[in-house]
Number of protein chains: 2
Amino acid sequence: MKIHVVKMGGRLIHDKKLLNISISYFCKLKGSKILVHGGGSKADYFLDQMNIPKKIIQGRRITDKTTLDIVVMTYAGVLNKNIVSLLQYYHCNAIGLCGADGNCIKSYIREKVNDINYGYVGDIKESKDINTNFIKLLLRNNITPVFCSITHDGMGNLLNTNADTIASNIAVSLSKQKCSIELHFCFDKIGVLRKIDDSNSYFRKINFSLFQEIIQNNFVFGGMIPKLENAFFALKNGVSKVSIGLPNYLMDSSKKTILCL
Amino acid sequence: MKIHVVKMGGRLIHDKKLLNISISYFCKLKGSKILVHGGGSKADYFLDQMNIPKKIIQGRRITDKTTLDIVVMTYAGVLNKNIVSLLQYYHCNAIGLCGADGNCIKSYIREKVNDINYGYVGDIKESKDINTNFIKLLLRNNITPVFCSITHDGMGNLLNTNADTIASNIAVSLSKQKCSIELHFCFDKIGVLRKIDDSNSYFRKINFSLFQEIIQNNFVFGGMIPKLENAFFALKNGVSKVSIGLPNYLMDSSKKTILCL
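Not measured: the values here are computed from a predicted model. (Residues numbered from 1 in each chain as written. Chains lettered and ligands numbered in written order. Predicted model: local features only at pLDDT ≥ 70, side-chain atom pairs only at ≥ 80, totals over all residues.)

Asker: Residue-level account of the overall build of chain A, with values.
Answerer: A tally of helices and strands in chain A yields eight helices and 14 strands. Relative to the globule expectation of 18 Å for 261 residues, the C-alpha radius of gyration of chain A, 17 Å, shows essentially globular dimensions. By its C-alpha atoms, chain A is 45 × 45 × 35 Å across when sized along the principal axes. Classification of the 261 residues of chain A by burial places 50% in the buried group. If you take every contact in chain A between residues at least 6 apart in sequence, the share linking residues at least 24 apart comes to 71%. (Helix = DSSP H or I, 4+ residues; strand = E, 2+ residues; numbered from the N terminus. Rg over C-alpha atoms; globule rule 2.2 N^0.38 Å. Buried ≥ 20, exposed ≤ 12 C-beta atoms within 10 Å, placed from the backbone. Contact = placed C-beta atoms within 7 Å.)

Structure, rendered in structure tokens:
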């Protein structure tokens, strides 16, 4: 079984026009496909609306119970369901899921790191935490799963989990079930940029030694580092192809960053 | 195939302790089951938090785009996903759904009534608007669907739909597919009360002529009228049993209101 796993994040999700274009490209993908979406700054918008202060320690969000509710409402509620209804409009029979639905993604509350309690944040530990039987049941019935970045611990707690991590773990778990997986990280740039201020410069290929080199030389920053880590985690664990770029590269292979070992 | 369709609403959903008890009773039901939940006043809470004025005309909510987003966040987001994670905790493999998911409930934007535009409110027109094949696929795989009161029109719009109406339409559509359906409307009273201020008084049985009589004599008010209308719609369209009462009557048949033709 060949499956495309597509992660969409950043402006692609927040900007209504970009979302529409991205979803229309996604729908053109032939065969089995899975969508995973983030939604970070939209949750910030609702936190602001409700005068709930953001809690950031050392650059990372602390998800207390109030923040979790807003994050769940935003990711699993308004973003996920609007994406699903848009996919239905394009005649792609989609289903919106968080990790609790069909017990499809189990995670574990993150333990304190350097005495920082991250709150309701969940980490996926191993490939058996992804319910591949359930995902394959949907795909066999031509239903396209759309995952938001919420998981659960099986003890009644919903947990906030990085969307890139969810995408790479789904890709790896399905690879272990003899599926051939192509993993695409889509955002609003043509690829991993060589120069942060030149949106036309990009790496055509990054192998693992180049990845280590550009990390050491601070060529990439912020969210790109865990994205690349997730990309190499996937490649090292059986995923056939991994790439990073704009959603239209799904149709046009000329511009994107291809990752290889 | 015998299926219990259980609607839970009102305080059962808002009060954390009551929700926990209600869900634990629901889990004890043997065989195939479907949960439908409302959530009205929780959406009001978030509208208040965001200083979004409620728009009520002649006692009915007007769902403009901003209100729709809050309603979707609340019903399909925080309420639906917390119920699903609680069901998973009780080892009931549940999946949270709005009508767009798996294209399971299609509805139609309500036309103006007496010049009132209700906004993003959807009405279900006929039993083919319920995707019974998808619901039966889940049930055959021992997955319990949990529906919130959001539907879609297939044109990319999510729509706000009454939860009692969703429950009765699911029950009717499955009845037409040779399923034997028991429909339970659960709330925080032991049944349809004879006297509104005496929570121990209740009708043991209401047939259709008694229903018309108590409507005419103003014995029942507000949300109870459409609930009873939905109950009789179900009975008249093939649903085997319909009852109204506390969630614990699911286990104990002694106290509840039974509806019959």
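Asker: Please provide a residue-by-residue account of the nonpolar core, values included.
Answerer: Core analysis: the biggest nonpolar cluster contains 160 residues, and A:V5, A:A171, B:V5 and B:A171 have the highest contact counts within it. Those residues in contact with B:A171, other than ones at most four positions away along the chain, are B:V5, B:I181, B:L183, B:A234 and B:V239. (Core = buried A, V, L, I, M, F, W, Y, C linked by C-beta atoms within 7 Å.)

Asker: How would you summarise the interface of chain A and chain B if you had to cite specific residues and measurements?
Answerer: On the side of chain B, 34 residues touch chain A, which itself brings 34 residues to the contact. Of all the elements, helix 4 (residues 65-89) of chain A adds the most residues to the side of chain A that touches chain B, at 14 residues. Looking at the side of chain A that touches chain B residue by residue, the class counts come to 16 nonpolar, 15 polar and three charged. (Nonpolar A, V, L, I, M, F, W, Y, C, P; charged D, E, K, R; others polar.)

Asker: Please set out the relation of the copies chain A and chain B residue by residue, giving values where relevant.
Answerer: Once turned by 180° and shifted 0.0 Å along the axis, chain A lies on chain B with an RMSD of 0.0 Å. Interpreted geometrically, this transformation is the action of a two-fold axis. Considering only C-alpha atoms, the part of chain A nearest the rotation axis is A:G77, at 1.9 Å. When the interface residues of chain A are mapped onto chain B, 100% of them again lie at the interface, so the same face is used by both copies. (Least-squares fit on C-alpha atoms with pLDDT ≥ 70 in both.)

Asker: Give a detailed account of the sheet that holds strand 1 (residues 2-8) of chain A, specifying residues and quantitative values.
Answerer: All names here are of chain A. Spatially, the eight strands line up as an open sheet ordered 5-8-2-1-11-13-14-12, and their pairing is mixed. Only two strands of the sheet have a single partner each, and these edge strands are strand 5 (94-97) and strand 12 (205-207). On average, each strand axis in the sheet is inclined to that of its neighbour by 20°, with strand direction left out of account. As judged from the six bridges shared by strand 1 and strand 2 (residues 32-37), these two strands associate in the parallel manner. By the bridge assignment for strand 2, I3 is matched with S32. Sheet strands in contact with helix 4 are strand 2, strand 5 and strand 8 (144-147), and its direction is about 175° off that of strand 5. Taken strand by strand, helix 8 (residues 224-236) contacts strand 11 (180-186), strand 13 (241-245) and strand 14 (257-260), and its axis lies near 160° from that of strand 13. (Pairing = 2+ DSSP bridges. Axes fitted to C-alpha atoms, helices over the stretch in contact; angles between N-to-C directions.)

Asker: Go over the packing of helix 4 of chain A against helix 4 (residues 65-89) of chain B with me, naming the residues and quoting the values.
Answerer: Two elements in contact, helix 4 of chain A and helix 4 of chain B, have axes whose closest approach is 7 Å; the angle formed by their N-to-C orientations is 115°. Crossing of helix 4 of chain A over helix 4 of chain B shows right-handed handedness. Together, A:D69, A:V72, A:M73, A:T74, A:A76, A:G77, A:V78 and A:K81 of helix 4 of chain A and B:D69, B:V72, B:M73, B:T74, B:A76, B:G77, B:V78 and B:K81 of helix 4 of chain B make up the contact between the two elements. When its residues are assigned to classes, the contact of helix 4 of chain A with helix 4 of chain B shows eight nonpolar, four polar and four charged. (Left-handed = near helix turned anticlockwise from the far one by under 90°.)

Asker: Please set out unusual backbone geometry residue by residue, giving values where relevant.
Answerer: Residues and elements named next belong to chain A. The backbone of N114 shows a phi angle near 50°, a positive value even though the residue is not glycine. Position of N114 among the secondary structure elements: in the loop between strand 6 (108-109) and strand 7 (122-123). Its identity is not glycine, yet N142 carries a phi of approximately 60°, on the positive side. Inspection of the secondary structure puts N142 in the loop between helix 5 (132-140) and strand 8. For N142, a count of 9 C-beta atoms within 10 Å corresponds to the exposed category.

Asker: Could you give me a rundown of helix 2 (residues 16-28) of chain B, with the residues and numbers involved?
Answerer: All names here are of chain B. Given a rise of 1.5 Å per residue, 13 residues ought to cover 18 Å, and the 19 Å separating the end C-alpha atoms of helix 2 matches this to within 8%. Of the positions making up helix 2, those classed as buried are L19, S22, I23 and F26. Taken down its axis, helix 2 places every buried residue within 100° of arc, on the same side. Of the residues in helix 2, the exposed ones pointing more than 90 degrees away from the buried face are K17 and K28. Looking at the buried side of helix 2, the elements it contacts are strand 1 (2-8), helix 1 (11-14), strand 2 (32-37), helix 4 and strand 11 (180-186). (Expected span 1.5 Å × (residues − 1). Arc of directions from axis to C-beta.)

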